[in-house]
There are 2 protein chains.
Amino acid sequence: MPELRKDPVTRRWVIIATERAARPTDFPRGEVQANASETCPFCEGREARTPPEIAAIRRPGTNPDEPGWQVRVVANKYPALRIEGSTDVTADGVFEGMGGVGAHEVIIETPRHTDHPAVMPPAQLASVLWMYRERYRDLDRDERFKYLLLFRNHGRSAGASLSHPHSQLIALPIVPKRAMEELEGAQQYFAREGRCIYCDILHQEEAQRTRLVWQNEDFVAFAPYAAWCPFELWILPRRHLASFGDLGDGHLLPLAGALHQVLGRLHTCLGNPPYNYIIHTAPYEGKTGHFYHWHIEVIPRLSQVAGFEWGSGFYINTVPPEDAARYLREAALPAPVAQEAPAG
Amino acid sequence: MPELRKDPVTRRWVIIATERAARPTDFPRGEVQANASETCPFCEGREARTPPEIAAIRRPGTNPDEPGWQVRVVANKYPALRIEGSTDVTADGVFEGMGGVGAHEVIIETPRHTDHPAVMPPAQLASVLWMYRERYRDLDRDERFKYLLLFRNHGRSAGASLSHPHSQLIALPIVPKRAMEELEGAQQYFAREGRCIYCDILHQEEAQRTRLVWQNEDFVAFAPYAAWCPFELWILPRRHLASFGDLGDGHLLPLAGALHQVLGRLHTCLGNPPYNYIIHTAPYEGKTGHFYHWHIEVIPRLSQVAGFEWGSGFYINTVPPEDAARYLREAALPAPVAQEAPAG
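Everything quoted here is computed from the prediction, not taken from an experiment.

1. A closer look at the sheet that holds strand E5 (residues 89-92) of chain A
Right, so step 1: Reading across from one edge, E5(A)-E6(A)-E1(B)-E2(B)-E15(B) is the order of the five strands in this open sheet, with mixed pairing throughout. Only two strands of the sheet have a single partner each, and these edge strands are E5 of chain A together with strand E15 (315-317) of chain B. Adjacent strand axes in the sheet meet at a mean angle of 30°, parallel and antiparallel pairs treated alike.
Right, so step 2: Taken together, the four bridges between E5(A) and strand E6 (residues 95-99) of chain A define a ladder with antiparallel strand orientation. Among the inter-strand pairings, Thr90(A) is bridged to a residue of E6(A), identified as Gly97(A).

Take a look at the structure:
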C-alpha cells in the first residue's frame, strides 16, 4: 500500500510509493565521469586559469595564485550574480524585482583531480568545512547579503560542469523560498510546542532507529520520514544551533566524519551516484536562534524528476526512507584513494 | 546585469541570469523520440493491453475496450496511489501520514501514435479537454479527494515512458504544496487589494505586451515575469474562474486553440522539446472562488536543473521571459500532421 507522508517542517506531502519500490541496483550506475585532468583549471599548477584567489589554506611561504594550497577559493568564472550594485527593490505594478547583486564563489576542495568527499581523508574534508565557515563569516560582513547558500554538485547530471572536487557558494540579497518555508514551519512549531522542531525530529529518529544511517557524538545522519527523493539524507548536529557560521572548531572534524560516512556509503551502495548537498542555515539577519537548527541535506540524483513534480510541489518517492537507511547501514565505505603527503 | 525577480503569487525569487543568456538554438534538439507503434498499448486495436476503460469518446455503436474511440481513459497500470482505502491521518510524534489513497488515470489523447498537441487539430485537442473536465467532475463526487492534478509529460526526459500522446491525472486526498502556496498568496493579495492577483497579472501583461505570446478572446498566453525556467509559459483564462471543472463548453475550443498555439510555437522554436504542462486549479473543497483563478503552466525541459535549485527553492533562469516571448511570437506553427477522417 502506498503511503502519504507530510514533511513536519515545510508541510510538503510526499507519496512513498511502496508498490513501485526500487532497490539500489535498480538505478543506473557509474554515471559520474571524470573530466580530463590535463586541461583542468582547478588542478594545482593551473592557478592562472581561474579568477584571482579570494582565500586559501596554503603551505607557509607560498603566494596566492601559485601552487602550494590545500583548499582554494576563487570567484565563479560565470557568476549567476554580480558583486557590484545596489539591492534597491524596484516595483512595477504587481511585480517586484531587484538588481542581481551577490557573490558566487567556487571552493576547490583539493589540489588532486580525482579525489572527492566519499574517498577523501576526513581531515581534508574538515579543512573544506573550515573554509566554508570562513567564507560564511566573511560574507556576513557585507550588509547587502541576507543569506548564504553553500552547496556541492557531484557529477554532471547533478549540475557539476567540472569533475575536479569543488563546492560553490552564492551570497544572496534575499532569503530563498525553501529557507523561508523552513523558518516559518520551525517558528510556528516553536510557538505551539515551545521546542525546536529539528531537536524533536532528532530525538524521535534516535528513539525509532529505523531511519538512522550513522551517528557520532556530535552529528546524526538519517533518511528523513518524508524523503521526497530516493536516498535523501539529512545530517543534523545534536547541538541546537541556528547558524552554520557559529559551528565550533571542535565540531569540524566530527562533521567531516559524518559527511565522509554518508557520502562514502552512498558511493558504495549506489555506485558513485551523482548528488547534491546543501547546507541549510539561518539567514544572516533575524532572531532565529531559538527555533531554527542548521543541517545538511544530501540529494542523490537517481531518478528523473517529472516536471509535474516541480510544478506541483508533489513528489513520488519510490524508495521508502526506512529501506534506504537499511541499505546504507549495511554498506561498507569505499577504499580510500592513495594520498600524497598533505600540502599543508 | 543579472536581475532578481519575485513571483507575485508564491513569492519565490528567481535569478534572471542575463549574462549567461541562452538563445533557442543553444538547447539540445530532437530529444523526443517515438516508441515503436508496433507494440504500443495505447494504439487503437490494442485496447486489451491496458486496464479496463474508465471513460471514452466513441463512435456510436462501438463497445468499451474495442476500437472506435477518439479519446480514451484507463487506470494507470503502475498507479502511484490506490483507489481503495481510508484517508485517516496517522500521527506518530512529530510525523503525520495517511494511506496512499487516490486515483491515477491515463487519458489517451488520440488513437494515432505519432500525433501530439503541437500538430493535432484543435478540435481533437478540444475533445481531450472535454474529457479532462469530465474526469474532473466525476472524481469530485468522491469525498475522499481534495485535489485533482491534471498534467501532461511530453518526451522521455519530461517523464513520459510511452510516446503515444497521453495525459495523466492524479486525484489526491490532500492539496499539494504548490497549490497551497498559490492559494495562500492569492488569498493574501485579495485580502490586501480586494482583487484577484491573476486578473491583475493578466491586465499588466496585456498593458506591457513584452511577455505576451498569443491571445484570443478568451485566453492569454505569456511568459511569466518571474519565470523559473527557460521558456516557462502560462495560459490564463480572461474570465475569472477558480475551478477548471467549471470551464464552460464554449471555452473548450478557444482553450484548445491557445494550447495548440503555445505548444506549436514551442515545437518550432525549440525543435520538439520535452515539456510538461500542469493544470493549476482550485481544490475540490473550500470557498476559493473570489480569489483563485485556474490556469495552465507549461514547463519546457531544456536545461538540467541542479539539485541545489530544488533543495533551496532558488532558481537560475538563463532566458529572460521577454526574450522567450519574442522568440515565440516570431515562431511559425508546425505543419499539421495529415489526418484520417475523424473517428467520432
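2. Focus on the relation of the copies chain B and chain A
Right, so step 1: The transform that puts chain B on chain A rotates by 180° and translates by 0.0 Å along the axis, for an RMSD of 0.0 Å. What the superposition gives is, in effect, a two-fold axis relating one chain to the other. When each C-alpha of chain B is compared by its distance to the rotation axis, Trp310(B) comes out closest, at 3.9 Å.
Right, so step 2: Mapped onto chain A, 100% of the interface residues of chain B are again interface residues, and the two copies thus contact each other with one and the same surface.

3. Points about the interface of chain B and chain A
Right, so step 1: Listed by partner, the interface residues are 57 residues for chain B and 57 residues for chain A.
Right, so step 2: With five residues, strand E6 (residues 95-99) of chain B is the largest single contributor of residues to the side of chain B that touches chain A.
Right, so step 3: Taken together, the residues of the side of chain B that touches chain A sort by class into 29 nonpolar, 15 polar and 13 charged.
Right, so step 4: Where strand E1 (residues 3-6) of chain A meets E6(B), four bridges bridge the pair, whose relative direction is antiparallel. The residue of E6(B) that forms the bridge with Leu4(A) is Met98(B).

4. Details of the packing of helix H1 (residues 122-140) of chain A against helix H4 (residues 252-270) of chain A
All names here are of chain A.
Right, so step 1: Between H1 and H4, the least distance of the axes is 8 Å, while the angle of their chain directions is 115°. Crossing of H1 over H4 shows right-handed handedness. Together, Pro 122, Leu 125, Ala 126, Leu 129 and Trp 130 of H1 and Leu 252, Leu 253, Leu 255, Ala 256, Gly 257, Leu 259 and His 260 of H4 make up the contact between the two elements.

5. Observations regarding the sheet that holds strand E8 (residues 147-154) of chain A
Residues and elements named next belong to chain A.
Right, so step 1: The ten strands are arranged E3-E4-E7-E9-E8-E13-E14-E12-E11-E10 in an open sheet whose pairing can be described as antiparallel. The two strands at the open ends of the sheet, each matched to only one other strand, are strand E3 (53-58) and strand E10 (212-215). The sheet shows a mean angle of 15° between the axes of neighbouring strands, direction not considered.
Right, so step 2: Examined bridge by bridge, E8 and strand E13 (residues 275-280) share five bridges and lie antiparallel to one another. Paired with Phe 151 across the strands is Ile 278, a residue of E13.
Right, so step 3: Together, E3, strand E4 (69-75), strand E7 (103-108), E8 and strand E9 (166-172) form the strand contacts of H1, whose direction differs from that of E4 by roughly 35°.

6. Here we look at helix H3 (residues 197-208) of chain A
Residues and elements named next belong to chain A.
Right, so step 1: Given a rise of 1.5 Å per residue, twelve residues ought to cover 16 Å, and the 16 Å separating the end C-alpha atoms of H3 matches this to within 8%.
Right, so step 2: Looking at H3, one finds that the buried residues are Ile 197, Tyr 198, Ile 201, Leu 202 and Glu 205. Viewed along the axis of H3, the buried residues span an arc of 140°, placing them on a single side of the element.
Right, so step 3: Directly after H3, the chain includes Arg 209, whose backbone phi takes a positive value near 65°.

7. A look at helix H6 (residues 321-330) of chain B
Right, so step 1: Listed in full, the buried residues belonging to H6(B) are Pro321(B), Asp323(B), Ala324(B), Ala325(B) and Leu328(B).
Right, so step 2: Buried-residue contacts for H6(B) involve strand E10 (212-215), strand E11 (219-222) and helix H4 (252-270) of chain B.

8. Considering the pairing of strand E2 (residues 13-16) of chain B
Residues and elements named next belong to chain B.
Right, so step 1: Along E2, one buried face is formed by Trp 13 and Ile 15 and the opposite face, lined by Val 14 and Ile 16, is buried too.
Right, so step 2: In terms of strand pairing, strand E1 (residues 3-6) meets E2 through four bridges, oriented antiparallel. Looking at E2, one finds that Lys 6 is bridged to Trp 13.
Right, so step 3: In textbook terms, the turn of a hairpin is the stretch between consecutive antiparallel strands, and for E1 and E2 this stretch comprises six residues, one of which, Arg 11, has a positive phi near 65°.
Right, so step 4: Of the pairings in the sheet, the one linking E2 to E15 comprises three bridges and is parallel in character. If you follow Val 14 over to E15, its bridge partner there is Tyr 315.

The rules behind the values
- Residues numbered from 1 in each chain as written.
- Chains lettered and ligands numbered in written order.
- Predicted model: local features only at pLDDT ≥ 70, side-chain atom pairs only at ≥ 80, totals over all residues.
- Pairing = 2+ DSSP bridges.
- Helix = DSSP H or I, 4+ residues; strand = E, 2+ residues; numbered from the N terminus.
- Axes fitted to C-alpha atoms, helices over the stretch in contact; angles between N-to-C directions.
- Least-squares fit on C-alpha atoms with pLDDT ≥ 70 in both.
- Contact = placed C-beta atoms within 7 Å.
- Nonpolar A, V, L, I, M, F, W, Y, C, P; charged D, E, K, R; others polar.
- Left-handed = near helix turned anticlockwise from the far one by under 90°.
- Expected span 1.5 Å × (residues − 1).
- Buried ≥ 20, exposed ≤ 12 C-beta atoms within 10 Å, placed from the backbone.
- Arc of directions from axis to C-beta.

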